[in-house]
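# Remarks on the overall topology
These are the residues of each chain, in order.
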Amino acid sequence: MIFAVTASLLGLLALSIPVGIVLFLLGIGVDQFFTPFPLLRGLGQVVWSSSNSSTLIAIPFFVLLGEILVRGGIAAKTYEALDKWFSWLPGGLIHANIGTATMFSATSGSSVATAATVATVAMPQAEKLGYDPKLFSGAIAAGGTLGIMIPPSINLIVYGFLTETSIPRLFLAGLVPGLVMAVAFMLVTAALCKIKPSLGGQSRSFTWSERIVSLKHLLPILVLFFVVIGSIYAGWATPTESAAVGVAIALGIAAFNKGVSNQMVKMCLLGTVRITAMIMLVIIGAYFLNFTLTAAGMGRELKELLVGLDLSPMGTLLVVIALYIVLGFFIETLSLMVATIPIIVPIMVGMGFDKVWFGILLIVLIEMALITPPVGLNLYVVQGARKTGRLSEVMLGTIPFVLVMVAMIIGLIFLPDLALFLPEYL
């Protein structure tokens, strides 16, 4: 059954069928061929139970928050400010890409939205100033992945919902690894541009007065981050409530910058509905598939397979990591999470691994999937913003940042406190 389901999944995805529909079709197939029970009769109950959760309300709020920041003109001003502060580093504008991605990750919760935001603002500058297109676009794609690690993260909310794990603890656990990776991205960029200066384009300098004046454009993002995340950890609001407060503040900031109009609000709401509908279709489809797989004994088969390998817990972890890397080449990241978490996480927790720690490790693997071909969404988002050149250039540009993610995976394995220190301390 494991082989049949995996082959069917890859085959249906290769036909370009929407992922949510693929999950429903697989669930129906499992019901028809691998179990005598009339599981399809439980579809209504599964759809209701998988969508009837207050935790999931946070998703459209965080999506709307990101839409307001993008369409309200806040992104461009943040980028200009960071450009002034990072221009002295080798590869200056590339650091502004990573810095902007990091700051927007701390408010939007979405990798694709973060990558799209930075790419839209940054790409025109790359051509003017002579930056290497591979490294420049690769840094944007990689920086965008921080959106699912640095809190608030939609993917961490989904992980917490599926595994019944504390979302505030997950948010805390993702903060340090996310910031460490952001710094590592910048160090790798600086090293490459120092070794080969032509990668970094023209060098520019700004006065200290210009830099200090530009700080006012960073304040809105910092205020949003501390209000949204601070209210959660202070116990004043749940993640859903803090997201709603964040939306109100973002609207206020956009209005102050004269970025609010009827058309802007309309586009924000339409974008939110589209993205939320896609996410919910995938979650509900995955719940139905997991329901049928569990009834058909897939969890038992997978556990027997892993146990049959007669590996130590560390050996089993390495097999799971390899599995996610391979699947990440072919399956959209959110779909990969919701389709595998209910099966994999209980096995790993049963072997003694911490559920919060494994969630952060999984997110790093999902980040890799976002920038590795052929299905890496961020690659296509950045290429779409470029409008010139080949997709292969973006793929090549992400290689140094994929290596950083590999190093983070190794670091989390040997130094689990990277993820667990803040949740345990606070």
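Anyway, here's the lowdown on the structure attached to this text. Just so we're clear, the structure is a prediction, and the values are computed from it rather than from any experiment.

### Things to note about the packing of helix α16 (residues 313-328) against helix α18 (residues 355-370)
- The geometry of α16 relative to α18 is characterised by a closest axis approach of 8 Å and an angle of 30° between their N-to-C directions. Taken together, α16 and α18 sit at an angle that is classed as roughly parallel. Seen along the crossing, α16 lies across α18 with a hand that is right-handed. Contacts between α16 and α18 involve L317, V320, I321, Y324, I325 and G328 from the first element and W357, F358, L361, L362, L365, M368 and A369 from the second.
- By residue class, the composition of the contact of α16 with α18 is 12 nonpolar, 1 polar and no charged.

### With respect to the pattern of salt bridges
- Evaluation of the coordinates by the stated rule reveals 1 salt bridge.
- For K134, the salt bridge goes to D132, with nearest N and O atoms at 3.6 Å.
- Assessed through its relative accessible area of 15%, D132 is described here as buried.

### Focus: the packing of aromatic side chains
- Scanning the entire structure with this criterion turns up 7 aromatic pairs.
- Look at W85 and W208: their rings are 5.6 Å apart centre to centre, the planes differ by 75°, and that puts the pair in the edge-to-face class. Of the two residues, W85 sits in helix α5 (residues 74-86) while W208 sits in helix α11 (residues 208-214), which places them 123 residues apart along the sequence.
- Over the face of the ring belonging to W208 we find R211, whose NZ or CZ atom lies 4.8 Å from the ring centre.

### Regarding helix α9 (residues 154-163)
- Of all 10 residues that make up α9, 10 are buried, and the element is covered over most of its length.
- Those residues of α9 that fall on the buried side of the exposure criterion are I154, N155, L156, I157, V158, Y159, G160, F161, L162 and T163.
- Backbone nitrogen of N155 and a side-chain oxygen of the N-cap are separated by 3.3 Å at the start of α9; the cap is S153.
- Positioned one or two residues after α9, E164 has a phi angle of 55°, which is positive.

Reading the values: rules and limits
Residues numbered from 1 in each chain as written. Predicted model: local features only at pLDDT ≥ 70, side-chain atom pairs only at ≥ 80, totals over all residues. Heavy atoms only, no water. Axes fitted to C-alpha atoms, helices over the stretch in contact; angles between N-to-C directions. Helix = DSSP H or I, 4+ residues; strand = E, 2+ residues; numbered from the N terminus. Parallel < 35°, antiparallel > 145°, perpendicular 65-115°, else oblique. Left-handed = near helix turned anticlockwise from the far one by under 90°. Contact = heavy atoms within 4.5 Å. Nonpolar A, V, L, I, M, F, W, Y, C, P; charged D, E, K, R; others polar. Salt bridge = Lys/Arg side-chain N within 4 Å of Asp/Glu carboxyl O. Buried < 20%, exposed > 50% of the residue type's maximum accessible area, 1.4 Å probe, protein only. Phe/Tyr/Trp six-rings, centres within 6.5 Å; stacked < 30°, edge-to-face > 60°. Lys NZ or Arg CZ within 6 Å of the ring centre and 35° of its normal. Polar contact = N/O pair within 3.5 Å; in protein donor to acceptor, adjacent residues only side chain to side chain.

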